[in-house]
Amino acid sequence: MELLQSVGKSTDESEFYTPYPAGYKKDKTKFVVVFGTVISGLGKGIFSSSLAKLLKDKGLKVSPIKLEGYLNIDSGTLNPFRHGEVFVLDDGMETDMDLGTYERVLDQNLGRKNFATSGQIYSTILNKERAGDYLGRDVQMIPHVTGEVKLRLRELAMNTDADVVFVEVGGTVGDIENSFYIEALRELSYEEGPGQVCFACLCYILAPPALGEQKSKAAQLGIKRLMEYGIHPDVIACRAEDEVGLKVREKISLFTNVPVECVFSMHDLSSIYLLPENMRAEGLDDQVVEQLGLKDRCDAVEEEKHRIAWQAYVEKIQAEKPTVRIGVTGKYVSLRDSYASIIKAIEHSGIANEVEVEIVWIETTDVNEENVDEILGGVDGIIVPGGFGKRGTEGKILCIEHARKTGLPYLGICLGFQMAVIEFARNVCGLADATSTELDPETTHPVISILPDQKLIEGLGGNMRLGGQDVQITPGTIAYDLYGQKEQIRQRFRHRYEVDPSYIEQFEAAGLVFSGRHPEHPIMQVLELPKKMHPYFVAAQYHPELTSRPLNPQPMFVGLIEAAKTRAGK
Ligand code: GLN
């Protein structure tokens, strides 16, 4: 059967609507699709990125995409309480925190093409409909919505020249939100042909304490649900607390026709970075390579090189290490997912410094002048991360004052940078009511205020300075040393407010050093106190945590942990 090779136009002559990007070549890119059943929160992103890493290590070019069910166009307006942190990509796209997992595990920058939501898909279709692209046809879930999904995946394949596109379907099989994605992927596998698409299904193995054994029924039912969509899994990953025994895996194999070698135990591990090696040990990567006929494209020498480097890292994770304690302040402390990238960046830089980092969460609404010394007494360093709004900010300022005066290593991020400026303005420069116009629009000393070139832009979500920007680093500063004596670096931003340039002279005269700036405009991006005043007091208007990678830990975090280690005498 010859499929219609159109480039996005519908026609009356065929029921097929399969818009291929111009020049699309079948067989070039293979697809691995990851679904989750039984429960959400199984770690599909961790599974998918670990498998993608193993294939990347073999010299294959991989490109992941997350398909989100929700109708928002991006994650920018989502509450971190509900949905975890907003992860900002270099091109300014605000995405789900899973994209952070992909970037970290793959050590690869991603962009807006790697993230789709139902909102984006529908919005594209409605725009096409208004532009008359469907030529009189009624626009339907099948083939038009599914066609749009397939088009996205094939465009990603072409634009990134990928050997393998990893598709993670958000949510759980059976949700209404993601059902059109699942249907699109069934169609994709049919159109691409045998051996082009590998379906992986994550399930959850229950282990009721009263029974004391693992039960596979819920998993079987979940996988059956996927099969009702016309998709037969090629690989099954069984999530569980403890290793999933052969008997349970055999049972799942028997009920699903998936060979037991392809039923993998994905039990809890002390670090997610142990998962690739676990998968490799079970031969899961080779199974997928075999199924997709990618053997000829793999490079064993390359693979060995990466494997050794990763293994060394994993050994460092597992080694006994002295502990340092880092305080992290924040208003979302009750939900760790809101700080996923910070936690990861701390982990990476802890391993680089060969210490175990214990995070001490500090709810700053509880901090006051009487208890600040006691609360911070037990930590060897402190981070004030990004945030929005007034809640807890006075407590943060008290924490920063304590850090500045007692030589406690300090790293401020975004709001933590702004709060450090406010603390300095108030307590060193004597500007008693200095603050940010975000917190008090009427202040007489708005040391932090809206970006001048953005003052005219209004509306939630649209007026933020977002994504990767170049930062000019001043030679001879701490930042310059941290960044390997580079004068220009690139970091990711997500903020509205900035230091009011009219105060800079005053701050600098009092000893504050702005060691990172916008290359052209008077926008302050890194501040520090000189070594003679403080062992480590550094803050950034950008989000250093977003670019920390296991084998490339972010220098500002590495510097903090190093200073904390020295302070702790470890
Ligand atoms: N609320 C501050 C601003 O908008 C800081 C933002 C942040 O920490 N991400 O500038």
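As the structure is a prediction and not an experimental result, all values here were calculated from the model. (Residues numbered from 1 in each chain as written. Predicted model: local features only at pLDDT ≥ 70, side-chain atom pairs only at ≥ 80, totals over all residues. Heavy atoms only, no water.)

Peer 1: Before we move on, could you go through the overall build of the chain and cite the residues and values that matter?
Peer 2: Of regular secondary structure, the chain possesses 18 helices and 21 strands. For 570 residues, the compact-globule estimate of 2.2 N^0.38 gives 25 Å, and the chain sits close to it at 26 Å. Per-residue burial for the chain yields a buried fraction of 58% across its 570 residues. In the chain, the proportion of contacts linking residues at least 24 apart, taken out of those at least 6 apart, comes to 72%. Put simply, the chain shows about 23,400 Å² of open surface, and 50% of that area lies on carbon and sulfur atoms. For the chain, the separation between the mean place of its 61 positive charges and that of its 83 negative charges on side chains is 2 Å. (Helix = DSSP H or I, 4+ residues; strand = E, 2+ residues; numbered from the N terminus. Rg over C-alpha atoms; globule rule 2.2 N^0.38 Å. Buried < 20%, exposed > 50% of the residue type's maximum accessible area, 1.4 Å probe, protein only. Contact = heavy atoms within 4.5 Å. Areas by Shrake-Rupley, 256 points an atom, 1.4 Å probe, with all protein chains shown as cover. Lys, Arg positive; Asp, Glu negative; His and termini not counted. Charge placed at Lys NZ, Arg CZ, Asp CG, Glu CD.)

Peer 1: If you had to explain the side chain of T364 to someone new, which residues and values would you point to?
Peer 2: Looking at where T364 falls in the secondary structure, it is placed in the loop between β11 (356-362) and α13 (372-377). At 3.1 Å, the side chain of T364 forms a polar contact with the backbone oxygen of G392. Excluding anything up to four places from it in sequence, T364 contacts T329, G392, G395, K396 and C399. (Polar contact = N/O pair within 3.5 Å; in protein donor to acceptor, adjacent residues only side chain to side chain.)

Peer 1: Describe the sheet that holds strand β18 (residues 497-499), naming the residues involved and giving the relevant values.
Peer 2: Spatially, three strands are ordered β14-β15-β18 in an open sheet, and the strand pairing comes out mixed. Looking at which strands have only one partner, the edges of the open sheet turn out to be β14 (435-436) and β18. Pairing of β14 with strand β15 (residues 446-450) involves two bridges; the strand directions are parallel. Following the sheet pairing, S436 is matched in β15 by I448. Taken strand by strand, helix α15 (residues 415-427) contacts β14, β15 and β18, and its axis lies near 150° from that of β15. (Pairing = 2+ DSSP bridges. Axes fitted to C-alpha atoms, helices over the stretch in contact; angles between N-to-C directions.)

Peer 1: Account for the site of the ligand, naming residues and giving values.
Peer 2: Around the ligand, the neighbouring residues are G386, G387, F388, C414, L415, Q418, E438, R494, H495, R496, Y497 and H543. Here R496 contributes a backbone N or O atom positioned 3.0 Å from an oxygen atom of the ligand. Contact distances for the ligand include 3.2 Å between a nitrogen atom and a side-chain N or O atom of H543. (Near = heavy atom within 4 Å.)

Peer 1: Any details on the pattern of salt bridges? Residues and values, ideally.
Peer 2: When the charged atoms of two side chains with opposite charge come close together, those side chains can pair. Applying the stated criterion across every chain yields a total of 40 salt bridges. In this structure, the salt-bridge partner of E187 is K150, at a minimum N-O distance of 2.7 Å. Residue E187 is found in helix α6 (residues 179-192), and its partner K150 is found in helix α5 (residues 141-160); the two are separated by 37 residues along the sequence. Take K150: its relative accessible area is 1%, and that puts it in the buried class. The shortest N-O distance in the salt bridge between K344 and E347 comes to 3.2 Å. Taken together, the residues span about one helical turn, with K344 and E347 both in helix α12 (residues 340-352) at a distance of three residues. Overlapping salt bridges bring together K66, E68, D96, D98 and E168 as one network. (Salt bridge = Lys/Arg side-chain N within 4 Å of Asp/Glu carboxyl O.)

Peer 1: Lay out the environment of A479 in plain terms, naming residues and giving numbers.
Peer 2: Here A479 shows up in helix α16 (residues 478-482). When the C-alpha positions of A479 and I504 are compared, they lie 18 Å apart, and in sequence the two are 25 residues distant. Other than its neighbours up to four places away in sequence, A479 contacts I473, S515, V526 and E528.

Peer 1: Break down the packing of aromatic side chains for me, with residues and values.
Peer 2: Scanning all chains against the criterion turns up 12 aromatic pairs. Judged by centre distance (4.8 Å) and plane angle (35°), the rings of Y410 and F537 are tilted. Highlighted residues: Y410 in strand β13 (residues 410-413) and F537 in strand β21 (residues 537-540), separated in sequence by 127 residues. The same class applies to Y410 as to F537, namely buried. The ring centre of W310 lies 4.3 Å from the NZ or CZ of K53, which sits over that ring. Note that K344 overlies the ring of Y273, its terminal NZ or CZ placed 4.9 Å from the centroid. (Phe/Tyr/Trp six-rings, centres within 6.5 Å; stacked < 30°, edge-to-face > 60°. Lys NZ or Arg CZ within 6 Å of the ring centre and 35° of its normal.)

Peer 1: Quick rundown of helix α1 (residues 44-57)? Include the residues and the values.
Peer 2: Compared with an ideal rise of 1.5 Å per residue, which puts 14 residues at 20 Å, α1 spans 20 Å between its outermost C-alpha atoms and is within 8% of the ideal. Taking burial as the measure, the 14 residues of α1 include 12 buried ones, the bulk of the element. The set of residues buried in α1 consists of K44, G45, F47, S48, S49, S50, L51, A52, K53, L54, L55 and D57. (Expected span 1.5 Å × (residues − 1).)

Peer 1: Residue-level account of unusual backbone geometry, with values.
Peer 2: That bond from I142 to P143 is cis: its omega, 15°, falls within 30 degrees of zero. Structurally, P143 can be placed in helix α5. Residues other than glycine seldom take positive phi values, yet D107 does so here, at roughly 50°.

Peer 1: How would you explain helix α3 (residues 98-106) if you had to name every residue and give the values?
Peer 2: Counting buried positions over the nine residues of α3 gives nine, a clear majority of the element. Those residues of α3 lying buried are D98, L99, G100, T101, Y102, E103, R104, V105 and L106. Looking one or two residues beyond α3, the residue adopting positive phi is D107, at roughly 50°.

Peer 1: Let's hear about the sheet that holds strand β5 (residues 115-117): which residues, and what values?
Peer 2: Spatial strand order, β5-β2-β6-β1-β7-β8-β9: seven strands in an open sheet with parallel pairing. The open sheet has two edge strands with one neighbour each: β5 and β9 (263-267). The average angle at which neighbouring strand axes cross in this sheet is 20°, direction not considered. As defined by bridge partners, strand β7 (residues 197-204) adjoins strand β8 (residues 235-240) across five bridges and the pair is classed as parallel. When the bridges of β8 are listed, L202 appears paired with A237.

Peer 1: Talk me through the environment of D91; I want residue IDs and the actual numbers.
Peer 2: Note on placement: D91 falls in the loop between β3 (87-88) and β4 (94-95). Sequence separation of D91 and G36 is 55 residues, and the distance between their C-alpha atoms is 29 Å. At a separation of 3.1 Å, a polar atom in the side chain of D91 contacts the main-chain amide nitrogen of M93.

Peer 1: An account of a positive patch on the surface is needed here, citing residue identities and associated values.
Peer 2: Taken together, K215, K217, K224 and K251 make up a surface patch of like positive charges. Positionally, K224 belongs in helix α7 (residues 217-228). (Patch = residues over 30% accessible without salt bridge, like charges linked within 9 Å, V, L, I, M, F, W, Y side chains within 5 Å.)

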